[in-house]
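Topology and contacts: notes
Okay, here's what each chain looks like letter by letter:
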Amino acid sequence: MSNDLVHDWYVVRCFSSHEKKVKEFLDREIEEQGLSDKVQEVLVPTETVVEIRGGKKKTREKNFFPGYILLNTHYDEEVNNLVQSAPSCLGFLKVGKEQLIPQPLKKHEVKRIIGRVKETGEEMQNIEIPYSEGDLVKVISGPFKDFDGTVQEVNTDKLKLRVLVSIFGRRTPVEVDVNQVESAT
């Protein structure tokens, strides 16, 4: 095989939450079948998300395209057959009614996706706060402990909530850390 093959990024559809399993299968088959000159990379675009549950920070990987993986490959029948044979895989994404051959991603799309994957790898973690405006919460620590209230505002950057609590019969907004409250429902 020639090393002059043109590689482009293609989208492969698979069952949601089976992306890693499909990637592992493809990586293994590429190695066994000697297709590494045709397939340069199999990528599951993920980002690291920090969730706050029960007052504790937990990090997890989150796919930002559930049900899709990316393949940097020289598309041909052999690669198509490899993808079609993968368990939990629906094949290459084809756009339009009459598309027989998948279209590669545009350069600017690839840059945006790869850039987002690299950003999250460099400690740009997104915080996922499990509360939103209108949620009923109970303050579990700090000066307002045991007060019930309604979330008025969520500040993701500072990991703070503005909660309306009843103090001396009057609704008063107080600012608390996300880990100082729990859901009251």
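Attention in this report is confined to the structure presented alongside it. (Residues numbered from 1 in each chain as written. Predicted model: local features only at pLDDT ≥ 70, side-chain atom pairs only at ≥ 80, totals over all residues. Heavy atoms only, no water.)

**Looking at the overall build of the protein**
How we decide: Strands here are runs of E lasting at least two residues and helices are runs of H or I lasting at least four, both read from the DSSP assignment and numbered beginning at the N terminus. Within these notes, the globule rule equals 2.2 Å times the number of residues to the 0.38 power, and the radius of gyration is based on C-alpha atoms. To sort residues, take the accessible area from a 1.4 Å probe on protein chains only and compare it with the maximum for the residue type: under 20% means buried, over 50% means exposed, and anything in between is partly exposed. Whether two residues are in contact is decided by their heavy atoms, any of which lying within 4.5 Å being enough. Exposure was quantified through the Shrake-Rupley algorithm and a 1.4 Å probe, taking into account, for residues, occlusion by the shown protein chains and nothing else. Lys and Arg are tallied as positive, Asp and Glu as negative. Neither His nor the chain termini are counted. Here the site of a charge means NZ on Lys, CZ on Arg, CG on Asp, or CD on Glu.
In terms of helices and strands, the protein carries three helices and twelve strands. For a compact globule of 185 residues, the expected C-alpha radius of gyration is about 16 Å, and the protein comes in at 23 Å, more than 25% above that figure. When its C-alpha atoms are laid out on the principal axes, the protein stretches across 80 × 35 × 30 Å. In the protein, buried positions account for 37% of the 185 residues. The contacts in the protein between residues at least 6 apart in sequence include a share of 60% that link residues at least 24 apart. Accessible surface, the protein as shown: approximately 11500 Å² in total, 48% of it carbon and sulfur. Computing the positive centroid from 27 side-chain charges and the negative centroid from 31, the protein places the two 7 Å apart.

**What to know about the sheet that holds strand E6 (residues 89–92)**
In sheet architecture, strand pairing relies on hydrogen bonds along the backbone and comes in two forms, parallel and antiparallel. Our working rule: Here, any two strands with at least 2 DSSP bridges between them count as paired. Lines fitted to C-alpha atoms define the axes, with helix axes restricted to the stretch in contact, and inter-axis angles between N-to-C directions lie between 0 and 180 degrees.
One open sheet holds the four strands; their spatial order is E2-E5-E1-E6, and the pairing between them is antiparallel. For this open sheet the edge positions go to strand E2 (39–43) and E6, each flanked by a neighbour on one side alone. With direction set aside, neighbouring strand axes in the sheet form an average angle of 25°. The pairing of E2 with strand E5 (residues 68–73) spans four bridges and is antiparallel. Across the sheet, the residue bridging to Leu43 is Leu70, located in E5. Set on the sheet, helix H2 (residues 77–85) makes contact with strand E1 (8–14), E2, E5 and E6; between it and E6 the angle comes to about 160°.

**Points about unusual backbone geometry**
With phi around 70°, Ser17 is a residue other than glycine that occupies positive phi space. In this fold, Ser17 is placed in the loop between E1 and helix H1 (19–33).

**Examining the sheet that holds strand E8 (residues 136–139)**
Judged by pairing direction, the sheet is antiparallel, and its five strands sit side by side in the order E11-E10-E9-E8-E12 without closing on themselves. Of all strands in the sheet, those bounded by a partner on one side alone are strand E11 (170–177) and strand E12 (181–183). Taking the axes of each pair of neighbouring strands and ignoring which way they run, one obtains an average angle of 45° across the sheet.

**Concerning the state of the cysteines**
Basically, it comes down to this: Only a pair of cysteine sulfur atoms within 2.5 Å counts as a disulfide in this structure description.
A full pass over the atoms with the stated rule returns zero disulfides. Note on Cys14: no disulfide assigned, nearest cysteine sulfur contributed by Cys89 at a separation of 6.1 Å.

**Re the pattern of salt bridges**
Rules: Throughout this description, the term salt bridge denotes a Lys or Arg side-chain nitrogen within 4 Å of a carboxyl oxygen of Asp or Glu.
With the rule as written, the count across this model stands at five salt bridges. Note that Lys23 is salt-bridged to Asp27, the shortest N-O span being 2.8 Å. You can see Lys23 and its partner Asp27 sitting in helix H1, four residues apart, about one turn around the helix. Lys23 sits in the partly exposed class, given a relative accessible area of 26%. Judged by relative accessible area, which is 33%, Asp27 ranks as partly exposed.

**So, the side chain of Glu19**
Heads up, the rule is: Each polar contact in these results corresponds to two N or O atoms within 3.5 Å; when the atoms are within protein, one needs to be able to donate a hydrogen and the other to accept it, and residues that are neighboring in sequence are counted only if both atoms are side-chain atoms.
Take Glu19: it is sitting in helix H1. Buried and unpaired, Glu19 has Lys20 as its nearest opposite-charge partner, separated by 8.0 Å. There is a polar contact of 3.1 Å between the side chain of Glu19 and the backbone nitrogen of Ser17. In contact with Glu19, other than residues within four places in its own chain, are Cys14, Val44, Asn63, Phe65, Pro66, Gly67, Tyr68 and Ile69.

**Some words on the packing of aromatic side chains**
In this description, a pair of aromatic rings is defined by centroid distance and the angle of the planes. This is how it is decided: For Phe, Tyr and Trp, where Trp contributes only its six-membered ring, two rings pair if their centres lie within 6.5 Å, and the inter-plane angle classes them as stacked under 30 degrees, edge-to-face over 60, or tilted in between.
Applying the stated criterion across every chain, the model contains four aromatic pairs. Aromatic pair Tyr10 and Tyr75: ring centres 5.7 Å apart, planes at 40°, arrangement tilted. Of the two residues, Tyr10 is situated in strand E1 and Tyr75 in the loop between E5 and H2; the sequence distance between them amounts to 65 residues. An aromatic cluster is built from Tyr10, Tyr75 and Phe92, whose rings are joined through pairwise contacts.

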